Amino acid sequence: MELAQLRYFVAVVEEGGFTRAGARLHVSQPGVSAQVAQLERELGQRLLDRSGRRVTPTEAGRAVLTYARAVLAAVEGVRRTAEEFSGLLRGRVALGLVPGAAGAVVGGFDVVEVLGAFHDEHPGVEISLSEDTSERMLAALLRGELDLAVVGLSGEPPPDVSCQVVLDEPLVAAVRVDDPLVAAAVNGRIPLAALRGRSLIGLPRGTGLRGVLERACAQAGFAPRVDFEAAAPAVLVRLAARGLGVAVVPSGAESAAGQRAGVGNGNGNGNGLCALRITEPELSGRVALAWRTDGPSGPAARKLLGRLRSGAPGRPAP
């Protein structure tokens, strides 16, 4: 039995197929299949059910899977420990980001700058970046698929996840200056109920900001009518500037022209937009750095967490 066989077996189970496992491991599909078949012959047990569209572990496979993962984790631990004693930090860190976080400075929190400085100091660490909804990234954190994540919060973080808030901004309704909401606003503010029945432009389901909006509307007795979705606030504002609806975005969200809407006073900006503060209740969008409460497992991820936390201007989430 070889470590490669165990690694291929685990990858096939996690990816649900030989082709996807091969792509993940940078090995041809026949090579993965041959190695797993050899492992089954050595153990005298069929470990995978190949009859369905998705490859799944058999009863014996599920039992073996636990030990295979433990063996691989132990081997990785041995390697990391030896590297720590050599003084050279190596390893791989999986970092999840809300869309747009890598391309912007969020509340003074420059992810790219922090990652660049970290790489200069630790060039042997591989950093894998991915973008997804906050809901899915928090679940991936708990499963151990992500080490760290920059997420939007719609409420309290889930159990076993710790957060440091890096941005906490009020939500505004970005509309064209000729929209009836502008005339009805009082001191640049509108009640949440004014959005009832309006065509809204928002972030996708599963994002923190969308969760804040849906929860507040439900408490107010109506469901938000979201006709357009986009993954980045700047795109939402562009859609609003085109007259496609009311964009619900954090205060200060940039428009496509790189300008900012005038918040709280009802004055239009150069794109013909107004940003009206949403009240009754006041809503806020929070972005936070998140990690498992028991901490990342590897030294590289722990070191990067410390660097990100020191570079973040925020505070721990309750």
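The structure under discussion appears in the preceding block.
Because the structure is predicted, anything quoted here is derived from the model rather than measured. (Residues numbered from 1 in each chain as written. Predicted model: local features only at pLDDT ≥ 70, side-chain atom pairs only at ≥ 80, totals over all residues. Heavy atoms only, no water.)

Caption draft 1: Broad picture of the overall build of the chain. Of the regular secondary structure elements, the chain holds ten helices and 15 strands. A buried classification covers 44% of the 318 residues belonging to the chain. Partitioning the contacts of the chain with sequence separation of at least 6, the portion at a separation of at least 24 is 72%. Summed over its atoms, the accessible surface of the chain is roughly 15,500 Å², and 51% of this surface lies on carbon and sulfur atoms. (Helix = DSSP H or I, 4+ residues; strand = E, 2+ residues; numbered from the N terminus. Buried < 20%, exposed > 50% of the residue type's maximum accessible area, 1.4 Å probe, protein only. Contact = heavy atoms within 4.5 Å. Areas by Shrake-Rupley, 256 points an atom, 1.4 Å probe, with all protein chains shown as cover.)

Caption draft 2: The environment of Pro-30, seen in detail. With respect to the secondary-structure elements, Pro-30 resides in helix H3 (residues 29-43). For Pro-30, a relative accessible area of 53% translates into the label exposed. Spatially, the C-alpha atom of Pro-30 lies 8.1 Å from that of Phe-18, the residues being twelve residues apart in sequence.

Caption draft 3: Helix H9 (residues 233-241), seen in detail. Buried residues of H9: Leu-236, Val-237 and Ala-240, and no others. Relative to the axis of H9, the buried residues are bounded by an arc of 100° and lie together on one face. Buried residues in H9 make contact with strand S8 (161-176), strand S10 (200-202), strand S11 (226-229), strand S12 (246-250) and strand S13 (273-279). Directly after H9, the chain includes Gly-243, whose backbone phi takes a positive value near 85°. (Arc of directions from axis to C-beta.)

Caption draft 4: Geometry of the packing of helix H2 (residues 18-25) against H3. Contact pair H2 / H3: the axes reach a minimum separation of 8 Å and the direction vectors enclose 105°. Accordingly, the angle class assigned to the pair H2 and H3 is roughly perpendicular. Across the interface between the two elements, Phe-18, Thr-19, Ala-21 and Gly-22 from H2 touch Gln-29, Val-32, Ser-33 and Val-36 from H3. (Axes fitted to C-alpha atoms, helices over the stretch in contact; angles between N-to-C directions. Parallel < 35°, antiparallel > 145°, perpendicular 65-115°, else oblique.)

Caption draft 5: Spotlight on the packing of helix H1 (residues 3-15) against H3. At a minimum axis distance of 9 Å, the contact between H1 and H3 shows a crossing angle of 110°. Taken together, the axes of H1 and H3 lie roughly perpendicular to each other. Facing H1, whose interface residues are Gln-5, Leu-6, Tyr-8, Phe-9 and Val-12, H3 presents Gly-31, Val-32, Gln-35, Val-36, Gln-38, Leu-39 and Glu-42. In terms of residue class, the contact of H1 with H3 is built from seven nonpolar, four polar and one charged. (Nonpolar A, V, L, I, M, F, W, Y, C, P; charged D, E, K, R; others polar.)

Caption draft 6: Focus on the nonpolar core. Core analysis: the largest hydrophobic core is formed by 36 residues, its most contacted members being Val-93, Leu-141, Leu-146, Leu-148, Val-151, Ala-290 and Leu-304. Elements supplying a minimum of two residues to this core: strand S3 (91-97), helix H5 (111-121), helix H6 (134-143), strand S7 (148-153), S8, strand S14 (284-292) and helix H10 (299-311). Leaving out residues up to four positions away in the same chain, Leu-141 has contacts with Leu-146, Asp-147, Leu-148, Ala-149, Val-161, Ala-290, Trp-291 and Arg-292. Counting residues in each nonpolar core, the second largest holds 35 residues, with Ile-201, Cys-217, Val-246 and Val-249 among its members. (Core = buried A, V, L, I, M, F, W, Y, C linked by side-chain atoms within 4.5 Å.)

Caption draft 7: Spatial organisation of the pattern of salt bridges. All told, the structure shown has 18 salt bridges when counted by the stated rule. The salt bridge partner of Arg-176 is Asp-178, with a shortest N-O separation of 3.6 Å. Among the residues examined, Asp-178 registers a relative accessible area of 57% and is labelled exposed. For the salt bridge of Glu-282 with Arg-277, the shortest nitrogen-to-oxygen distance reads 3.6 Å. Given the relative accessible area of 18%, Arg-277 is considered buried. Through salt bridges with shared partners, one network takes in Glu-14, Glu-15, Arg-24 and Arg-69. (Salt bridge = Lys/Arg side-chain N within 4 Å of Asp/Glu carboxyl O.)

Caption draft 8: Region of the structure containing the environment of Ala-247. Assignment of secondary structure puts Ala-247 in strand S12. The contact partners of Ala-247, leaving out residues within four places of it in the chain, are Val-172, Ala-173, Ala-174, Ile-201, Leu-236, Val-237 and Ala-240.

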